[in-house]
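Notes for the structure review
Residue-level listing of the chains:
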There are 2 protein chains.
Amino acid sequence: MKKTSPKLLSGFMELLPAQQIAFNNMKNTIAQTYEKFGFMPMDTPVLESADVLLAKAGGETEKQIYRFEKGDNDIALRFDLTVPLARFVAANQNNLAFPFRRYQIGKVYRGERPQKGRFREFYQCDIDIVGNEKLDIIYEAEVAAVIIETLKALNIGDFVMNISNRKLLSGLLQGLGIEDKATDVLRIIDKLDKVGGGGMIAMLLAEGIGLPQANAILGFCNIKGSAREVIENLKAFGIANDIFNAGISELAAVVSGLENFGIPEKFFAINLSIARGLDYYTGTVYETFLVGKENVGSIASGGRYDNLASAYTDKTLPGVGICIGLTRLFDILRANEMLDFSKTLCDVLVIPMSPAQIPYAINVANFFRKNNIKTEVFFEDVKFKNKMNYANKSQIPFAVILGEDEEKSGIITLKNMKTSTQITCPPAEAIENIKK
Amino acid sequence: MKKTSPKLLSGFMELLPAQQIAFNNMKNTIAQTYEKFGFMPMDTPVLESADVLLAKAGGETEKQIYRFEKGDNDIALRFDLTVPLARFVAANQNNLAFPFRRYQIGKVYRGERPQKGRFREFYQCDIDIVGNEKLDIIYEAEVAAVIIETLKALNIGDFVMNISNRKLLSGLLQGLGIEDKATDVLRIIDKLDKVGGGGMIAMLLAEGIGLPQANAILGFCNIKGSAREVIENLKAFGIANDIFNAGISELAAVVSGLENFGIPEKFFAINLSIARGLDYYTGTVYETFLVGKENVGSIASGGRYDNLASAYTDKTLPGVGICIGLTRLFDILRANEMLDFSKTLCDVLVIPMSPAQIPYAINVANFFRKNNIKTEVFFEDVKFKNKMNYANKSQIPFAVILGEDEEKSGIITLKNMKTSTQITCPPAEAIENIKK
């Protein structure tokens, strides 16, 4: 029979068990931390009506989306978890308590050209807090604190959450009399790290922005220092319109909120050059970088939006949210050998020496399971050498070997597979050993 | 601005938070039980190359599948988790230890005509054990035992796993000289519950099967009783070919295996009329019914297959697996009001009386979180009445109210929202109260 090659589509991640266990541990840590802060789970369909998913989209999104027709339906695969959230809140607004706090961990789909570090199917891990008509600024500190606590719990090395506020840039451009160039300026500022200050000035000039304004924009982006210093420098920057001032106070409120949440400043920094490509952010914005690996891009991004669901409802639903890009983060950590793939899920492999010991093996295994020890039994009737080969290959830390003698005396032989030491004892005594 | 209606496609399930929490609890219980028996997690892409996913499919599957082209790719959404497992094992056979035990919990997609109890996107929760060239019969008892333990842990009321063996039917048809009619007979037996014995005879006659053979088939399907009785009756049934006898011994081995696993017979029964529509089963087959709700169909089904990945590899990979249809099971339990939606995820809502108490509120919340208590803070500066409205609507069991007095004395007011009783105490003393 002709065989089909068992290949994956390019741009899709699939893991062998040891890596999948590490991935799931990260995913569980994220969910548990989100839940500790009172975020509720949500699970929306992967497939939605294209007109619903694309109600506000355009440009790049439309090109990347997986979209097709079946029967009478024009269907699209979700490309993020924010649009489904907007649809959900608009549809269920009367059944929700506001501020509505939800997390969603799920796969999203973008038919991008495959390239290193870019996936076509990837996990997003979102938290959002959505208000009814209004939402206090302190929630903008809270989501940042939750994400920082989550990344700390993931044990991924040093990272810094960069924080800015869209109103500062809007106020700056208004003060410079070039608010009509906002989209271009956002796009160019996003490139500052790549092209440098001189490159950025050149790009701004090429868009028809005058040299004094271009210099002011670069000067703004270059304001650095501690959060307190940046805020002082912003106050002294010489832009005095309402929107710029609102940006300063919001930034100050977020910084002071982070202090209240007990987040030391080593975990965050004001960085006025982060702009976030997306149009819908209206206040605080966040991007998070691994220290020394800034070039791979942000691992957790988000921001404040004044009107989440305007495509679906007249009600004003302001919110703030941040998303951890888990598939990408996992891929970066794996490439940098920062993940431990030696952890198995199973604690014990029970090996009956012959089929006669199968009932005893099952009893011992059930006893371990009742004591919360993950236990597998190897039932194949093969040579002992092959049984031990399986034990080695599967990397399960303990083997429990059961022969006639063990069964007669109701004891077990417990072998530590790493140290190759073994002891003989009743099953109950082995539990402590295994749990260590 | 014209609004888009925030509607879902029909046939897709989406849950409000209280129901989602119940759903996730079920999903977590399933995963934890599977892991306790040493099954390793797998997570395959939702999208695959259509030629890979459909290498063995045909008929109904092809019609139901979501399939589309993007760029040069002919893409399909997975319609089960067994085909991806076959592809995975074929592709990674040199990196796996056999018998390979994996579980996968994920969404699958079938573009069926929407009808009650049928979803186009639904969760399957699969376990499979795949051998290299051979697989001991005891694993066919083990997967049944694991599924029974899982359904017990889900606390879904009485259920019975029905077990049969394909070889019995094959042997019967061979003995009756009508093995060429196997597909028709399988299809008709599947309808026995609906059409009754007389109806089944009529359908068999209509397929050109003689009356004596039709009567023998009905007599076979009607063998009932305890597992031991059914096996004795099968031995006395008068079919003496090798394949029929092999079916009897396999069935006897599975029953005795289930005894070894400590599964009482109230949880399983031999039912010779379960046939499972799918072609690829070659031995033991399983279907599981909720007692009193048999008409809604099987909630956990599967079977033994001799050659899992023959579409992709020359290597013979026999296996056995069972799948819990979680979305469907949840839907049935919900319709029968058998689920508890009163459980919230969050344990405590901390309410500062005024913005001045926000720092104290955050400290108290962080203290609770460190003690593994899921805690939310209500930060909006609104009237106290509105804060308590939120507490009621969100159904969080405890409110912690913090005013000036509480802050000064370093204490809290803990209100049990169900009983409306409240006490005042230091945060540390509240922990026991909340954990009860």
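First, a word on what this report is: a plain description of the structure on this page. Worth saying up front: this structure is predicted, and the values here are computed from it rather than measured. (Residues numbered from 1 in each chain as written. Chains lettered and ligands numbered in written order. Predicted model: local features only at pLDDT ≥ 70, side-chain atom pairs only at ≥ 80, totals over all residues. Heavy atoms only, no water.)

Examining the overall build of chain A
Scanning chain A for helices and strands turns up 16 helices and 16 strands. A principal-axis box enclosing the C-alpha atoms of chain A has dimensions of 90 × 55 × 45 Å. Across the 436 residues that make up chain A, the buried fraction comes to 57%. Contacts in chain A between residues at least 24 apart in sequence constitute 68% of all its contacts with a sequence separation of at least 6. (Helix = DSSP H or I, 4+ residues; strand = E, 2+ residues; numbered from the N terminus. Buried < 20%, exposed > 50% of the residue type's maximum accessible area, 1.4 Å probe, protein only. Contact = heavy atoms within 4.5 Å.)

Quick notes on the interface of chain B and chain A
Think of interface size as the accessible area that goes away when the parts come together; that is how it is often given. Counting residues at the interface gives 98 residues for chain B, matched by 98 residues for chain A. Buried surface at the junction of chain B and chain A, both sides included, amounts to about 8300 Å², of which 61% is carbon and sulfur. Summed over the shared surface of chain B and chain A, the number is 10 salt bridges. Close ionic contact of B:Lys3 with A:Asp314 constitutes a salt bridge, the shortest N to O distance being 3.8 Å. (Buried area = accessible area lost by both parts, 1.4 Å probe. Salt bridge = Lys/Arg side-chain N within 4 Å of Asp/Glu carboxyl O.)

Here we look at the sheet that holds strand β9 (residues 284-290) of chain A
Residues and elements named next belong to chain A. Taken together, eight strands build an open sheet; the order of strands is β1-β5-β6-β11-β10-β9-β7-β8 and the sheet is mixed. Of all strands in the sheet, those bounded by a partner on one side alone are β1 (40-41) and β8 (268-270). For strand β10 (residues 300-305) and strand β11 (residues 319-325), the ladder comprises six bridges, and the chain directions are antiparallel. By the bridge assignment for β11, Gly 302 is matched with Ile 322. Strand contacts of helix α6 (residues 166-175): β7 (159-165) and β9, with the helix running at about 45° to β7, the strand carrying the most contacts. (Pairing = 2+ DSSP bridges. Axes fitted to C-alpha atoms, helices over the stretch in contact; angles between N-to-C directions.)

Describing the relation of the copies chain B and chain A
The operation relating the pair of chain copies consists of a rotation about an axis and a translation along that axis. Rotating chain B by 180° and moving it 0.0 Å along the rotation axis overlays it on chain A with an RMSD of 0.0 Å. On the angle and the small slide along the axis, the relation comes out as a two-fold axis. Within chain B, B:Phe68 has its C-alpha nearest the rotation axis, a separation of 3.0 Å. (Least-squares fit on C-alpha atoms with pLDDT ≥ 70 in both.)

A word on the sheet that holds strand β16 (residues 422-425) of chain A
All names here are of chain A. In space, the five strands of this open sheet follow the order β13-β12-β14-β15-β16, with mixed pairing throughout. Each having just a single partner strand, β13 (375-377) and β16 make up the two edges of the open sheet. Ignoring which end each strand starts from, the neighbouring axes of this sheet average 25° apart. Where strand β15 (residues 412-416) meets β16, four bridges bridge the pair, whose relative direction is antiparallel. Paired with Ile 412 across the strands is Cys 425, a residue of β16. Its contacts with the sheet put helix α13 (residues 358-370) on β12 (348-352), β13, β14 (398-402) and β15, and the angle it makes with β13 is roughly 170°.

Examining the packing of aromatic side chains
Residues and elements named next belong to chain A. For the coordinates displayed, the defined rule picks out 27 aromatic pairs over all chains. Each ring, one from Phe 88 and one from Phe 100, has its centre 6.1 Å from the other, and the planes form 15°; the classification is stacked. Residue Phe 88 is located in helix α4 (residues 82-92), and its partner Phe 100 is located in strand β5 (residues 100-109); the two are separated by 12 residues in the primary sequence. A residue is classified by how much of its surface remains accessible, and Phe 88, at 1% relative accessible area, is buried. Accessibility expressed as a relative area gives 2% for Phe 100, which makes it buried. (Phe/Tyr/Trp six-rings, centres within 6.5 Å; stacked < 30°, edge-to-face > 60°.)

As for the environment of B:Asp405
All names here are of chain B. Summarising the element assignment, Asp 405 is placed in helix α15 (residues 404-409). On the basis of relative accessibility, which here comes to 56%, the residue Asp 405 falls in the exposed class. Residues Asp 405 and Gly 38 lie 367 residues apart in sequence; the distance between their C-alpha atoms is 53 Å.

Examining the environment of B:Arg101
Of note, B:Arg101 is situated in strand β5 (residues 100-109). Measuring from C-alpha to C-alpha, the distance between B:Arg101 and B:Val146 comes to 12 Å, with 45 residues separating the pair along the chain. What B:Arg101 contacts, discounting residues up to four positions off in sequence, is A:Glu376, A:Val377, A:Tyr390, B:Phe37, B:Gly38, B:Phe39, B:Met40, B:Asp128, B:Ile129, B:Tyr139 and B:Glu142.

Some points on the pairing of strand β15 (residues 412-416) of chain B
Residue and element names in this part refer to chain B. Burial analysis of β15 places four of its five residues in the buried class, the great majority of the element. Strand direction decides the pairing type here: strand β14 (residues 398-402) and β15, joined by four bridges, are antiparallel. Bridged to Ala 399 within β15 is Lys 415. Two successive antiparallel strands, β15 and strand β16 (residues 422-425), enclose a turn made up of five residues, where Ser 420 displays a positive phi of approximately 65°.

Remarks on the pairing of strand β6 (residues 121-130) of chain A
Residues and elements named next belong to chain A. Counting buried positions along β6 yields 10 of 10 residues, so the element is predominantly enclosed. The two faces of β6 match: Glu 121, Tyr 123, Cys 125, Ile 127 and Ile 129 on one face and Phe 122, Gln 124, Asp 126, Asp 128 and Val 130 on the other face are all buried. Note that β5 and β6 share 10 bridges and pair antiparallel. For Lys 107, the partnering residue across the bridge sits in β6 and is Tyr 123. Sheet topology places β6 next to β11; seven bridges connect them, and they run antiparallel. Pairing of Ile 127 across the sheet is with Ile 322, part of β11.

With respect to the pattern of salt bridges
Scanning all chains against the criterion turns up 38 salt bridges over all chains. The salt bridge involving B:Arg228 is made with B:Glu259; its shortest N-O contact spans 3.1 Å. In this pair, B:Arg228 sits in helix α10 (residues 227-235) while B:Glu259 sits in helix α11 (residues 242-260), placing the two residues 31 residues apart along the sequence. A relative accessible area of 41% places B:Glu259 in the partly exposed class. Three or more residues are tied together by salt bridges with common partners; here these are A:Glu14, B:Glu48 and B:Arg87.

Things to note about the packing of helix α6 (residues 166-175) of chain B against helix α7 (residues 182-189) of chain B
All names here are of chain B. Running from amino to carboxyl end, α6 crosses α7 at an angle of 125°, the nearest separation of the two axes being 11 Å. Taken as axis vectors, α6 and α7 run oblique relative to one another. For the pair α6 and α7, the sense of crossing is right-handed. Between α6, through Arg 166, Leu 169 and Leu 173, and α7, the contact on the second element is made entirely by Ala 182, Val 185, Leu 186 and Ile 189. When grouped by side-chain class, the residues that make up the contact of α6 with α7 number six nonpolar, no polar and one charged. (Parallel < 35°, antiparallel > 145°, perpendicular 65-115°, else oblique. Left-handed = near helix turned anticlockwise from the far one by under 90°. Nonpolar A, V, L, I, M, F, W, Y, C, P; charged D, E, K, R; others polar.)

Looking at the state of the cysteines
Residues and elements named next belong to chain A. Evaluated as defined, the whole model comprises zero disulfides over all chains. Cysteine Cys 425 remains unbridged, with the sulfur of Cys 346 as its closest cysteine sulfur at 18 Å. Under the relative-accessibility criterion, Cys 425 is labelled buried at 5%. (Disulfide = S-S within 2.5 Å.)

Some words on the packing of helix α1 (residues 17-36) of chain B against helix α12 (residues 326-335) of chain B
Residue and element names in this part refer to chain B. Where α1 meets α12, the axes come as close as 11 Å, and the angle between the chain directions of the two elements is 130°. In terms of axis orientation, α1 runs oblique to α12. Two packed elements cross with a definite hand, and for α1 against α12 that hand is right-handed. Along its contact with α1, which presents Gln 19, Ala 22, Phe 23, Met 26, Lys 27 and Ile 30, the element α12 presents Leu 326, Thr 327, Leu 329, Phe 330, Leu 333 and Arg 334. Taken together, the residues that form the contact of α1 with α12 break down as eight nonpolar, two polar and two charged.

Overview of unusual backbone geometry
Residue and element names in this part refer to chain A. Omega for the peptide link from Phe 98 to Pro 99 comes to 0°, which places this bond in the cis form. As for its position among the elements, Pro 99 is in the loop between α4 and β5. If you check the backbone angles, Asn 372 has positive phi at about 60° while not being a glycine. Mapped onto the elements, Asn 372 comes out in the loop between α13 and β13. With a relative accessible area of 63%, Asn 372 lands in the exposed category.

With respect to α4(A)
The buried fraction of α4(A) is high, at 10 of 11 residues. Where α4(A) is concerned, the buried positions are A:Thr82, A:Val83, A:Pro84, A:Leu85, A:Ala86, A:Arg87, A:Phe88, A:Val89, A:Ala90 and A:Asn92. Contact partners of the buried residues in α4(A): β2 (47-49), α2 (50-53), β5, β6 and β10 of chain A together with α1 of chain B.

Comments concerning helix α14 (residues 384-394) of chain A
All names here are of chain A. Residues of α14 that are buried: Lys 387, Met 388, Tyr 390, Ala 391 and Ser 394. All buried residues of α14 fall inside an arc of 150° around its axis, so they share one side. One or two positions beyond α14, positive phi appears at Gln 395, with a value near 60°. (Arc of directions from axis to C-beta.)

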